[in-house]
Amino acid sequence: MVTTSRRADAARLRGKARAAALLTAAASATALALVVSACSGGTVAVGAQPTVALPQPGAVVTGSPSAAPTAGPATCNTNALSYRPTAGDASSAAVNSIKKRGKLIVGVAEDEYLTGYLDASGNETGFDVEIAKQVEQAIFGTQDAAHIQFRAVTNAERITALQTDDSARAVDMVVDTFTITCDRAKQVQFSTVYYNAYQRLLVLKNSGYRNLDDLGGKKVCAQKGSTSIQTLLAYRSHPVPYGVTNLTDCLVALQQGQVDAISTDDTILAGLALQDPNTVVIGDRVEPEPYGIAVSPANTDLIRYINGVLETIRGNGQWQKIYQSSLGSVLGPQQPPAAQYAD
């Protein structure tokens, strides 16, 4: 039987090895994808080869983070907040403006393996990225790197990237495992739900933990500005939320024994588990996480157009193709969520 002390020692050793890999990963294409994703800088243009840096430390969260949605019962139907597509959406001012610019600008993650991350060649890939490319194809008639620009955003930057007037930071839409909540819907417009994720846990194998009830008083890592932080703050067993900027920082904290678990969407945890085979996803589904594409609050025409694209890929099999190529092998069979509308 592995003792707690030996497990902690092993975790520290893995953490040291991880830190060393972050400094020397240029020699390995696979490691390069992980290292670049571990950078905790601000919004950067993907493909600009951001400087490799060690993961940033997190901190215990003792109250409700200002960037996160307010905890408590829902005051709206998060599955039916959006507007149905109409015949004139393709010729709307919002879509024409993107066409005139010649490219769609999309806020994405760069450190979420399987959903949004940099591959060994420095290109954005993953489930969310492929969903975004469907909107690009609908607008421009083809998928071409010249017609889409990805800008990496952290959880805390997703809303501000849609609200800013700074052209160097602004995006047309965010496709980044963005959970639809009532509070967030007051600040952005969401599409219909394009994927239903669920919050779960990632722990070291042989840790003995089975679910969140076992983690009372233990540090559990999650991203700042996430719904996961709020769930942890409110959970009955009183785990200690440990907030970080990027999820790869959570993985390093777990490897180094700084936290006992990571809690976030099952889509993201599946990617982390693939990066470290010494970890395992455990526990029941803690909280539903319906994903939506977000645009600025005033951009109703664009969100209608996006909803039309989502309707198309649900019906023509493209959604299923994207899911199978990115998430299907680890999360099992899924069907696209049926669209519900507010109007």
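Above this text is the structure in question.
Residues numbered from 1 in each chain as written. Predicted model: local features only at pLDDT ≥ 70, side-chain atom pairs only at ≥ 80, totals over all residues. Heavy atoms only, no water.

> I keep staring at the packing of aromatic side chains and nothing clicks. Help me out?
Each aromatic ring pair is summarised here by two numbers: the centre-to-centre distance and the angle between the ring planes. Tallied over the entire structure, the rule returns 11 aromatic pairs. Centroid distance Y195 to Y323: 6.0 Å. Interplanar angle 25 degrees. Geometry classified as stacked. With Y195 in strand 10 (residues 195–204) and Y323 in helix 10 (residues 318–331), this residue pair connects regions lying 128 residues apart in the sequence. Each member of the pair, Y195 together with Y323, is buried. Within the aromatic cluster, the residues linked to one another by ring pairs are F127, Y194, Y195, Y291, W319 and Y323. Its guanidinium or amino end placed over the ring of Y198, R285 lies 3.9 Å from that ring's centre, counting from NZ or CZ. (Phe/Tyr/Trp six-rings, centres within 6.5 Å; stacked < 30°, edge-to-face > 60°. Helix = DSSP H or I, 4+ residues; strand = E, 2+ residues; numbered from the N terminus. Buried < 20%, exposed > 50% of the residue type's maximum accessible area, 1.4 Å probe, protein only. Lys NZ or Arg CZ within 6 Å of the ring centre and 35° of its normal.)

> Sorry, what's going on with the state of the cysteines here?
Formally, a disulfide is one covalent bond, and it connects the sulfur atom of one cysteine to the sulfur atom of another. One pass over the full model with this rule turns up 2 disulfides. Across the disulfide from C76 sits C182; the S-S distance is 2.1 Å. The sign of the -105 degrees torsion about the S-S bond sets the C76-C182 disulfide as left-handed. With a gap of 106 residues between them, C76 in the loop between strand 2 (59–60) and helix 3 (93–101) and C182 in the loop between strand 8 (173–174) and strand 9 (189–190) connect regions that are remote in the sequence. (Disulfide = S-S within 2.5 Å.)

> Please clarify how the pattern of salt bridges should be interpreted in this entry.
Applying the stated rule across the entire model yields 8 salt bridges. R101 is paired through a salt bridge with D172; the nearest N and O atoms lie 2.6 Å apart. Here the residue R101 occupies a position in helix 3, and D172 occupies one in the loop between helix 5 (158–163) and strand 8, the gap between them amounting to 71 residues. Owing to a relative accessible area of 12%, D172 belongs among the buried residues under this scheme. Each of R84, R304 and D343 takes part in salt bridges that share partners, so that together they form one network. (Salt bridge = Lys/Arg side-chain N within 4 Å of Asp/Glu carboxyl O.)

> Where do I start with the packing of helix 4 (residues 127–140) against helix 9 (residues 300–315) in this structure?
Axes are the key here: two packed helices are described by the angle between their axes and the distance separating the axes. Remark: helix 4 packs on helix 9, axes separated minimally by 10 Å, with the N-to-C direction vectors making an angle of 110 degrees. Here helix 4 is positioned roughly perpendicular relative to helix 9, judged by the angle of their axes. Packed against helix 4, whose contacting residues are I131, Q134, V135, A138 and I139, the element helix 9 presents Y305, I306, V309, L310 and I313 at the interface. By residue class, the composition of the contact of helix 4 with helix 9 is 9 nonpolar, 1 polar and no charged. (Axes fitted to C-alpha atoms, helices over the stretch in contact; angles between N-to-C directions. Parallel < 35°, antiparallel > 145°, perpendicular 65-115°, else oblique. Contact = heavy atoms within 4.5 Å. Nonpolar A, V, L, I, M, F, W, Y, C, P; charged D, E, K, R; others polar.)

> Would you explain the sheet that holds strand 4 (residues 111–112) in this entry?
Backbone hydrogen bonds hold the strands of a sheet together, and the pairing may be parallel or antiparallel. Read from one edge to the other, the open sheet built from 3 strands follows the order 4-5-6, with strand pairing classed as antiparallel. Strand pairing shows two members of the sheet lacking a second neighbour, strand 4 and strand 6 (124–125), which therefore form its edges. Judged from the 2 bridges that link them, strand 4 and strand 5 (residues 116–118) form a sheet pairing that is antiparallel. Within strand 5, the residue paired with D111 across the bridge is Y117. (Pairing = 2+ DSSP bridges.)

> For this particular structure, what's the right way to read the side chain of T164?
Summarising the element assignment, T164 is placed in the loop between helix 5 and strand 8. Note on T164: relative accessible area 19%, which makes it buried. A polar contact is formed between the side chain of T164 and the side chain of R169, at a distance of 3.4 Å. If we ignore the near neighbours within four places in the chain, the residues touching T164 are R169 and A170. (Polar contact = N/O pair within 3.5 Å; in protein donor to acceptor, adjacent residues only side chain to side chain.)

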